[in-house]
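# Observations on chain architecture
What follows is each chain in one-letter form.
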Amino acid sequence: MIILASFVFDWMYVIYPVILFMLFIGVRFFLVHARRKTDHELQRLLFMEGNLFLYDELLKNKRLNLFFTQAEKELLRLNGYMALGTQQQIKHQLDVLNQKALKPKLALELYHKEMTYYIEITSYNQALESYNKLLNLLKNKKSEEAKKILTEAKWIIDIYVYHDLSRMDELIELEKNTEHQLIKGVILYRLAKLSYFAKKPKDVMMYLEKAEPLLKQTTYEPIIKKAY
């Protein structure tokens, strides 16, 4: 009996961790799936239905706390305001997020959104401040990802703030060699912007017409529609 009891006890040491591991994997799979499904629903409400009220109401659902942090939800709320909200809502949400102690990844996302927003409303001094926050956040980072982000931010500043027409040839070449449809759409949109600064209205419309189908259900879509 003593030997049998010892044998059963030893097996529990093996089975119990396996059960815990399987439970952990199951819960993680559920959370990832639920987060992806919720994110898809948020995108649908925002870009397909254009319903900011329901989008905001979904973000208030306490069940979202299982798979989104409070800071992540506030960033999602900012996305909604930037797509369909008022200037007052956007500025208020930027203030809310800037007062939070964000993890580097979320801070990076915030500064990038902040920079693009200020560029959109032609507050270029504030856009440069946001760009400098990006630089300070990434200045000691040596990863390829950090370099890509800084390169992208520099593109945005050169095009929208400084109206650097010398960037046009680079963009045309980049668009030709880009297969990713969303990235291609963004490049075409930027070519439209530079064409506008170069006072070439026909080129503006040409690039916007090419960009529009590639930028469906993004924050660029309503901007392009306003440009027509």
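All figures in this text were calculated on a predicted structure; none of them were measured in a lab. (Residues numbered from 1 in each chain as written. Predicted model: local features only at pLDDT ≥ 70, side-chain atom pairs only at ≥ 80, totals over all residues. Heavy atoms only, no water.)

### Here we look at the packing of aromatic side chains
According to the stated counting rule, one finds 3 aromatic pairs in the structure shown. Centre to centre, the rings of Y117 and Y118 are 5.3 Å apart; their planes meet at 50°, and the pair counts as tilted. Summarising the burial analysis for this pair, Y117 and Y118 share the class buried. Ring geometry for Y196 and F197: centres 5.8 Å apart, planes at 65°, overall edge-to-face. (Phe/Tyr/Trp six-rings, centres within 6.5 Å; stacked < 30°, edge-to-face > 60°. Buried < 20%, exposed > 50% of the residue type's maximum accessible area, 1.4 Å probe, protein only.)

### Comments concerning the confidence of the model for the protein
On average, residues of the protein carry a pLDDT of 83, and 84% of them reach 70 or more. The model gives residues 1–9 a pLDDT under 50, and that stretch makes 0 contacts with residues more than four places away or in other chains. pLDDT under 50 marks residues 27–31. Its contacts with residues more than four places away, or in other chains, come to 2 contacts. (pLDDT = per-residue confidence, 0-100. Contact = heavy atoms within 4.5 Å.)

### Comments concerning the pattern of salt bridges
Counted by the stated rule, this structure contains 13 salt bridges. In this structure, R44 and E41 form a salt bridge, with 2.6 Å as the shortest nitrogen-oxygen distance. Placement of the pair is R44 and E41 together in helix α1 (residues 2–48), with a separation of 3 residues, close to one helical turn. Using a relative accessible area of 25% as the deciding quantity, one classes R44 as partly exposed. Linked by salt bridges that have partners in common, K154, D158, R167 and E170 make up one network. (Salt bridge = Lys/Arg side-chain N within 4 Å of Asp/Glu carboxyl O. Helix = DSSP H or I, 4+ residues; strand = E, 2+ residues; numbered from the N terminus.)

### Describing unusual backbone geometry
Non-glycine residue H163 carries a positive phi angle of around 50°. A positive phi angle, near 60°, is found at K199, a position not held by glycine. Mapped onto the fold, K199 is located in the loop between α9 (181–197) and α10 (201–211). K199 sits in the exposed class, given a relative accessible area of 74%.

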